[in-house]
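Report on the structure
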Amino acid sequence: MLSTSTFTTSDFDVTDYVPDVTTALPTGHLRMRKTYAGDVEGRSVTQFTSAFDQSSGVGTYVAMESFEGTVAGRRGAFNFVHAASTSGTDRAHEYGLIVPGSGTGELVGIEGSVRLTVDADGTHRMDFDHNLG
(Lines give C-alpha, C1' and ligand atoms only; values in the text may rest on other atoms or scores of the structure.)
Protein backbone atom coordinates (compact mmCIF):
# COMPACT_ATOMS: atom_id res chain seq x y z
CA MET A 1 0.00 0.00 0.00
CA LEU A 2 1.31 3.46 -0.85
CA SER A 3 0.91 6.26 1.72
CA THR A 4 2.06 9.74 0.70
CA SER A 5 2.83 12.66 2.99
CA THR A 6 4.27 16.16 2.84
CA PHE A 7 6.55 17.38 5.58
CA THR A 8 8.05 20.51 7.05
CA THR A 9 11.29 20.80 9.01
CA SER A 10 12.33 22.70 12.14
CA ASP A 11 14.78 22.80 15.06
CA PHE A 12 18.05 22.30 13.18
CA ASP A 13 21.09 21.31 15.23
CA VAL A 14 24.25 21.23 13.06
CA THR A 15 27.49 19.63 14.19
CA ASP A 16 30.57 19.83 12.00
CA TYR A 17 33.27 17.41 12.93
CA VAL A 18 36.75 16.71 11.69
CA PRO A 19 37.42 12.99 11.23
CA ASP A 20 40.86 11.41 11.49
CA VAL A 21 40.75 10.94 7.70
CA THR A 22 40.62 13.91 5.32
CA THR A 23 38.63 13.57 2.09
CA ALA A 24 37.64 15.99 -0.67
CA LEU A 25 34.23 16.63 0.94
CA PRO A 26 33.63 17.99 4.46
CA THR A 27 31.59 15.77 6.76
CA GLY A 28 28.96 16.75 9.28
CA HIS A 29 25.95 15.77 11.31
CA LEU A 30 22.53 17.45 11.46
CA ARG A 31 19.57 16.70 13.70
CA MET A 32 16.14 18.13 12.90
CA ARG A 33 12.48 17.66 13.57
CA LYS A 34 9.89 17.00 10.87
CA THR A 35 6.12 17.32 10.91
CA TYR A 36 4.21 15.07 8.50
CA ALA A 37 0.72 15.65 7.00
CA GLY A 38 -1.31 13.51 4.62
CA ASP A 39 -1.67 9.70 4.57
CA VAL A 40 1.19 9.71 7.09
CA GLU A 41 0.65 12.16 9.97
CA GLY A 42 2.91 12.79 12.91
CA ARG A 43 6.41 13.87 13.80
CA SER A 44 9.94 12.58 13.56
CA VAL A 45 13.42 13.29 14.75
CA THR A 46 15.85 12.93 11.85
CA GLN A 47 19.59 12.44 12.17
CA PHE A 48 21.61 13.15 9.02
CA THR A 49 25.24 12.32 8.41
CA SER A 50 26.76 13.71 5.24
CA ALA A 51 29.82 14.25 3.11
CA PHE A 52 28.75 17.45 1.35
CA ASP A 53 30.23 20.61 -0.15
CA GLN A 54 27.88 23.58 0.40
CA SER A 55 29.40 25.68 -2.39
CA SER A 56 29.07 23.10 -5.20
CA GLY A 57 26.09 21.16 -3.83
CA VAL A 58 27.95 17.86 -4.35
CA GLY A 59 27.68 15.07 -1.82
CA THR A 60 25.80 12.25 -0.17
CA TYR A 61 23.64 11.99 2.95
CA VAL A 62 22.34 9.14 5.08
CA ALA A 63 19.39 9.82 7.41
CA MET A 64 17.78 7.80 10.20
CA GLU A 65 14.32 8.92 11.30
CA SER A 66 12.34 7.97 14.37
CA PHE A 67 8.67 8.57 13.49
CA GLU A 68 5.62 8.73 15.78
CA GLY A 69 2.07 9.15 14.49
CA THR A 70 -0.31 7.40 12.10
CA VAL A 71 0.12 5.53 8.84
CA ALA A 72 -3.05 4.54 6.98
CA GLY A 73 -5.00 5.42 10.14
CA ARG A 74 -2.91 3.17 12.42
CA ARG A 75 -1.07 4.74 15.36
CA GLY A 76 2.41 3.86 16.55
CA ALA A 77 6.08 4.52 15.94
CA PHE A 78 8.88 3.12 13.77
CA ASN A 79 12.28 3.94 12.28
CA PHE A 80 13.15 4.46 8.66
CA VAL A 81 16.34 5.24 6.78
CA HIS A 82 16.92 7.11 3.53
CA ALA A 83 19.97 8.20 1.55
CA ALA A 84 20.81 9.96 -1.70
CA SER A 85 23.64 11.59 -3.59
CA THR A 86 23.68 14.78 -5.65
CA SER A 87 25.98 16.35 -8.21
CA GLY A 88 24.46 19.73 -7.34
CA THR A 89 21.25 19.69 -9.39
CA ASP A 90 19.89 16.15 -9.09
CA ARG A 91 19.19 13.22 -6.76
CA ALA A 92 20.82 9.88 -7.53
CA HIS A 93 21.59 6.57 -5.85
CA GLU A 94 18.49 6.90 -3.68
CA TYR A 95 17.71 4.36 -1.00
CA GLY A 96 14.91 4.16 1.56
CA LEU A 97 13.69 1.46 3.92
CA ILE A 98 11.37 1.08 6.91
CA VAL A 99 13.57 -0.59 9.53
CA PRO A 100 12.25 -4.14 10.05
CA GLY A 101 11.18 -4.89 13.62
CA SER A 102 11.01 -1.20 14.64
CA GLY A 103 7.21 -0.76 14.66
CA THR A 104 5.21 -0.21 17.86
CA GLY A 105 1.50 -0.04 18.70
CA GLU A 106 -0.72 -0.56 15.66
CA LEU A 107 2.40 -0.28 13.45
CA VAL A 108 4.02 -3.49 14.77
CA GLY A 109 5.21 -5.46 11.75
CA ILE A 110 5.34 -2.50 9.35
CA GLU A 111 7.85 -3.05 6.55
CA GLY A 112 8.50 -1.50 3.18
CA SER A 113 10.37 1.15 1.26
CA VAL A 114 10.55 4.93 1.53
CA ARG A 115 11.14 7.55 -1.18
CA LEU A 116 11.73 11.27 -0.74
CA THR A 117 10.77 13.61 -3.59
CA VAL A 118 10.88 17.39 -3.95
CA ASP A 119 8.26 19.09 -6.14
CA ALA A 120 9.16 21.98 -8.47
CA ASP A 121 7.67 24.43 -5.95
CA GLY A 122 9.93 23.07 -3.18
CA THR A 123 7.30 20.94 -1.42
CA HIS A 124 8.96 17.89 0.19
CA ARG A 125 7.13 14.57 0.03
CA MET A 126 7.80 11.19 1.58
CA ASP A 127 6.19 8.11 0.02
CA PHE A 128 5.89 4.98 2.14
CA ASP A 129 5.27 1.76 0.18
CA HIS A 130 4.33 -0.50 3.09
CA ASN A 131 2.63 -3.77 3.97
CA LEU A 132 -0.31 -2.34 5.98
CA GLY A 133 -3.59 -2.86 4.20
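Note that the structure is a prediction, hence the values are computed from the model and not measured. (Residues numbered from 1 in each chain as written. Predicted model: local features only at pLDDT ≥ 70, side-chain atom pairs only at ≥ 80, totals over all residues. Heavy atoms only, no water.)

**Describing the overall build of the chain**
Helix and strand counts for the chain come out as 0 helices and 8 strands. Starting at the N terminus and walking to the C terminus, you meet the elements of the chain as β-β-β-β-β-β-β-β. With 133 residues in all, the chain has 32% of them scored as buried. Considering only residue pairs separated by 6 or more positions, the chain has 45% of its internal contacts joining residues 24 or more positions apart. For the chain, the exposed area adds up to about 7,500 Å²; of that, 53% sits on carbon and sulfur atoms. Measuring between centres, the 9 positive side-chain charges of the chain sit 5 Å from its 17 negative side-chain charges. (Helix = DSSP H or I, 4+ residues; strand = E, 2+ residues; numbered from the N terminus. Buried < 20%, exposed > 50% of the residue type's maximum accessible area, 1.4 Å probe, protein only. Contact = heavy atoms within 4.5 Å. Areas by Shrake-Rupley, 256 points an atom, 1.4 Å probe, with all protein chains shown as cover. Lys, Arg positive; Asp, Glu negative; His and termini not counted. Charge placed at Lys NZ, Arg CZ, Asp CG, Glu CD.)

**Let's talk about the pairing of strand 3 (residues 40–53)**
Here strand 2 (residues 27–38) pairs with strand 3 via 10 bridges, running antiparallel. Residue pairing for strand 3: Gly-28 is matched across the bridge by Ser-50. The loop that links strand 2 with its antiparallel partner strand 3 comprises 1 residue. Relative to strand 4 (residues 58–71), strand 3 runs antiparallel, the two sharing 14 bridges. Within strand 4, the position partnered with Ala-51 by the bridge is Thr-60. Hairpin connection from strand 3 to strand 4: 4 residues lie between these consecutive antiparallel strands, with Gly-57 at a positive phi of about 80°. (Pairing = 2+ DSSP bridges.)

**Considering the pairing of strand 4**
Pairing between strand 4 and strand 5 (residues 74–87): 14 bridges, direction antiparallel. Residue pairing in the sheet places Val-62 in a bridge with Ala-83 of strand 5. Hairpin connection, strand 4 to strand 5: the antiparallel pair is bridged by 2 residues, and Ala-72 has positive phi, about 50°.

**A few points about the side chain of Glu-65**
Tracing the chain through its elements places Glu-65 in strand 4. Among the polar contacts made by the side chain of Glu-65, one reaches the side chain of Lys-34 at a distance of 2.6 Å. At 3.2 Å, the side chain of Glu-65 and the side chain of Thr-46 are in polar contact. Ignoring anything within four residues of it in the chain, the contact list for Glu-65 reads Lys-34, Tyr-36, Ser-44, Val-45, Thr-46, Phe-78, Asn-79, Phe-80, His-82 and Met-126. (Polar contact = N/O pair within 3.5 Å; in protein donor to acceptor, adjacent residues only side chain to side chain.)

**So, the pattern of salt bridges**
A side chain of one charge can pair with a side chain of the opposite charge when the charged atoms of the two come close. Applying the stated criterion across every chain, the model contains 6 salt bridges. A salt bridge links Glu-65 to Lys-34; the nearest nitrogen and oxygen atoms lie 2.6 Å apart. With Glu-65 in strand 4 and Lys-34 in strand 2, the pair connects residues that are 31 residues apart, well separated along the chain. For the pair formed by Glu-65 and Lys-34, the shared burial category is buried. Here Arg-43 ties to Glu-68 by a salt bridge, and the two come within 3.0 Å at their closest N and O atoms. A residue pair is termed long-range when its members are at least 10 positions apart, and Arg-43 in strand 3 and Glu-68 in strand 4 qualify at 25 residues. (Salt bridge = Lys/Arg side-chain N within 4 Å of Asp/Glu carboxyl O.)

**Concerning unusual backbone geometry**
Notably, Asp-11 is not glycine yet its phi reads approximately 55°, a positive angle. Among the structural elements, Asp-11 can be located in strand 1 (residues 2–16). Given the relative accessible area of 52%, Asp-11 is considered exposed. Phi at His-93 is positive, roughly 50°, even though this residue is not glycine. Tracing the backbone through its elements, the reader meets His-93 in strand 6 (residues 92–98). For His-93, a relative accessible area of 69% gives the class exposed.

Just geometry here; none of it tells us what the structure is for.
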